[in-house]
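A closer look at the structure
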Amino acid sequence: MSCAKVLDKVYEYSEGGSAMPLLVQIQVGLHILVCPDCAQEVERFEVCRDMLTGDFLPPSPGLEDTVMAYIAAGSEAEETPEAEVLGGFSTRGWVVAGLVMLVSLATVFFGMDFNKIALEAGMSFMIPIGITIGIALTSYGALFIGSHLKELTERFGL
């Protein structure tokens, strides 16, 4: 029997779940004894099949109990205060970064290259620059206000 036929028989009988006939078992066994490549391939196949049919990753122990306890204590979880996120920018950091951005966007007009480009493109060049600066500052302000909404409402009594 050729190597391809032996491997086909091994794959065929493993997929169907039916037992391999005795004559085919003998033929496959003799070929595997003689051919080390097929023996290695059949061994790899059996290892993979065993891994896939068994529990490759066992379930996490006690996860169901933890989840069910959390669901049961749902009313208590709603009353607990929200945890504050640590490691973010402070309000001072946001203000300093905003000022740096504002100064850098405002001083872009003083560069030597900017004057050359503005002279060549004309006044229509100023419209996209103004829109870009407006979008950048508005977006930064919206992010700052959105991320510090609780602090700002407490500070200004809103």
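Nothing here was measured: the structure is a model prediction, and the numbers come from that model.

1. Observations concerning the overall build of the protein chain
For the protein chain, the helix and strand inventory stands at 9 helices and 0 strands. Buried residues in the protein chain amount to 12% of all 158 residues. The long-range fraction of contacts in the protein chain, counting pairs at least 24 apart against all pairs at least 6 apart in sequence, stands at 59%. If you sum the accessible surface of the protein chain, you get close to 12,900 Å²; carbon and sulfur atoms cover 66% of it.

2. What to know about the environment of Y140
With respect to the helices and strands, the residue Y140 is situated in helix α8 (residues 126–147). As for Y140 and A97, which are separated by 43 residues in sequence, their C-alpha atoms are 9.6 Å apart. In contact with Y140, other than residues within four places in its own chain, are G93, W94, A97, G98 and M101.

3. Quick look at the packing of helix α6 (residues 91–106) against α8
Contact geometry of α6 with α8 gives a least axis separation of 11 Å together with a crossing angle of 175 degrees. As far as their axial angle goes, α8 and α6 are roughly antiparallel. Residues T91, G93, W94, A97, G98, M101, L102 and L105 of α6 touch α8, and the partners they reach there are I133, A136, L137, Y140, L143, F144 and S147. Of the residues contributing to the contact of α6 with α8, the split by class is 11 nonpolar, 4 polar and no charged.

4. Quick notes on a nonpolar patch on the surface
On the surface, a nonpolar cluster with roughly 580 Å² of combined accessible area is contributed by L22, I26, L30, L33 and V34. Looking at the secondary structure, you find L30 in helix α2 (residues 22–34).

5. Considering the nonpolar core
Judged by nonpolar contacts, V6, L7, V10, Y13, M20, V24, V28 and V42 together constitute the single largest core of 8 residues. Among the secondary structure elements, those contributing two or more residues to this core are α1 (3–16) and α2. Ranked by residues supplied to this core, first place goes to α1 with 4 residues. Those residues in contact with V24 that lie beyond four places of it in its chain are K9 and Y13.

6. Comments concerning the packing of aromatic side chains
Tallying each qualifying case throughout the model produces 3 aromatic pairs. Seen from their ring centres, W94 and Y140 are 5.3 Å apart, and the 45 degrees between their planes marks the pair as tilted. In this pair, W94 is assigned in helix α6 and Y140 in helix α8, connecting sequence segments 46 residues apart. The buried category is assigned to W94, whose relative accessible area is 15%.

Scoring rules and cut-offs
Residues numbered from 1 in each chain as written. Predicted model: local features only at pLDDT ≥ 70, side-chain atom pairs only at ≥ 80, totals over all residues. Heavy atoms only, no water. Helix = DSSP H or I, 4+ residues; strand = E, 2+ residues; numbered from the N terminus. Buried < 20%, exposed > 50% of the residue type's maximum accessible area, 1.4 Å probe, protein only. Contact = heavy atoms within 4.5 Å. Areas by Shrake-Rupley, 256 points an atom, 1.4 Å probe, with all protein chains shown as cover. Axes fitted to C-alpha atoms, helices over the stretch in contact; angles between N-to-C directions. Parallel < 35°, antiparallel > 145°, perpendicular 65-115°, else oblique. Nonpolar A, V, L, I, M, F, W, Y, C, P; charged D, E, K, R; others polar. Patch = residues over 30% accessible without salt bridge, like charges linked within 9 Å, V, L, I, M, F, W, Y side chains within 5 Å. Salt bridge = Lys/Arg side-chain N within 4 Å of Asp/Glu carboxyl O. Core = buried A, V, L, I, M, F, W, Y, C linked by side-chain atoms within 4.5 Å. Phe/Tyr/Trp six-rings, centres within 6.5 Å; stacked < 30°, edge-to-face > 60°.

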